[in-house]
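Residue strings, one per chain:
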Amino acid sequence: MRNNILRIRSSVVRGSIMVVLLFTLFAMTSVAAFAYGQSIQSPQSQNTPSSGGGGTAPAGTANLQWNPQTKALTAIVHLSGLQPDSSYANHIHAGNCATGGEAEGKMLYPFNNVVTDADGNGTATTTINNVTGGIPASGWHIVVHSGPTAEASPLLCGNVVNPTGATSVSVPLSLVAATN
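Residues numbered from 1 in each chain as written. Predicted model: local features only at pLDDT ≥ 70, side-chain atom pairs only at ≥ 80, totals over all residues. Heavy atoms only, no water.

Attention now goes to the overall build of the chain. A count of helical and extended segments in the chain gives 2 helices and 10 strands. Along its sequence from the N terminus, the chain presents helices and strands in the succession α-β-β-β-β-β-β-β-β-β-β-α. The buried share among the 180 residues of the chain stands at 36%. Long-range contacts, defined here as pairs at least 24 residues apart, represent 64% of the contacts in the chain between residues at least 6 apart. Of the roughly 9700 Å² of accessible surface on the chain, a fraction of 59% belongs to carbon and sulfur atoms. (Helix = DSSP H or I, 4+ residues; strand = E, 2+ residues; numbered from the N terminus. Buried < 20%, exposed > 50% of the residue type's maximum accessible area, 1.4 Å probe, protein only. Contact = heavy atoms within 4.5 Å. Areas by Shrake-Rupley, 256 points an atom, 1.4 Å probe, with all protein chains shown as cover.)

Here it is, written out as structure tokens:
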């Protein structure tokens, strides 16, 4: 009887592992297919993300730091999984990612373009003077475009969330379709 129970548990565990592996494979395939679909749809095909960054989906982080004495906002944007040796426009807009990317919100602060290396990774630092209110609790979002100009379609987006009024925040950037 005990051996039967152990065999049943073993079968359940193996089945569960198979389900998790299949789900992971499906999720990875879906992300890759979406990224490929984005590259086909974008008119800026020379800068369209692919799995250039070692097979990873496009992603990134924007670190914002505001100096209350100088009123300067410094943004450091790190991107990965993009087309190698390409340029990507990025900036802060009013609103949030759920409103459909950057089209609904006014552009507030442009950043320096991120230029990727041969592996599809890049970082750009921008300092913006005269940001009088600091980093707001909400109402800003960061958009990365699929090419070197703001006319390129939005690719990544991340909402700026700062409920404590901190002088620095980190904003994860996700595929636009995943954030909407």
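Here we come to the nonpolar core. Grouped together as the largest cluster of nonpolar side chains are 27 residues, with contacts concentrated most on Leu64, Leu79, Phe111, Ile142 and Leu173. Counting only elements with at least two residues in this core, the list comes to β1 (59-67), β2 (72-80), β7 (122-128), β8 (140-145), β9 (154-160) and β10 (168-175). In this structure, Leu173 is in contact with Ala59, Gly60, Thr61, Ala62, Val77, Leu79, Ile142, Val144, Leu156, Cys157 and Gly158, ignoring residues within four places of it in sequence. (Core = buried A, V, L, I, M, F, W, Y, C linked by side-chain atoms within 4.5 Å.)

Here we take up the sheet that holds β10. With respect to topology, 8 strands assemble into an open sheet ordered β5-β4-β8-β9-β10-β1-β2-β7, the strand pairing being antiparallel. Every other strand in the sheet has two partners, leaving β5 (107-110) and β7 as the edge strands with one partner each. Ignoring which end each strand starts from, the neighbouring axes of this sheet average 25° apart. When β1 meets β10, the two strands line up antiparallel, connected through 6 bridges. Counterpart to Gly60 in the pairing with β10 is Leu173. (Pairing = 2+ DSSP bridges. Axes fitted to C-alpha atoms, helices over the stretch in contact; angles between N-to-C directions.)

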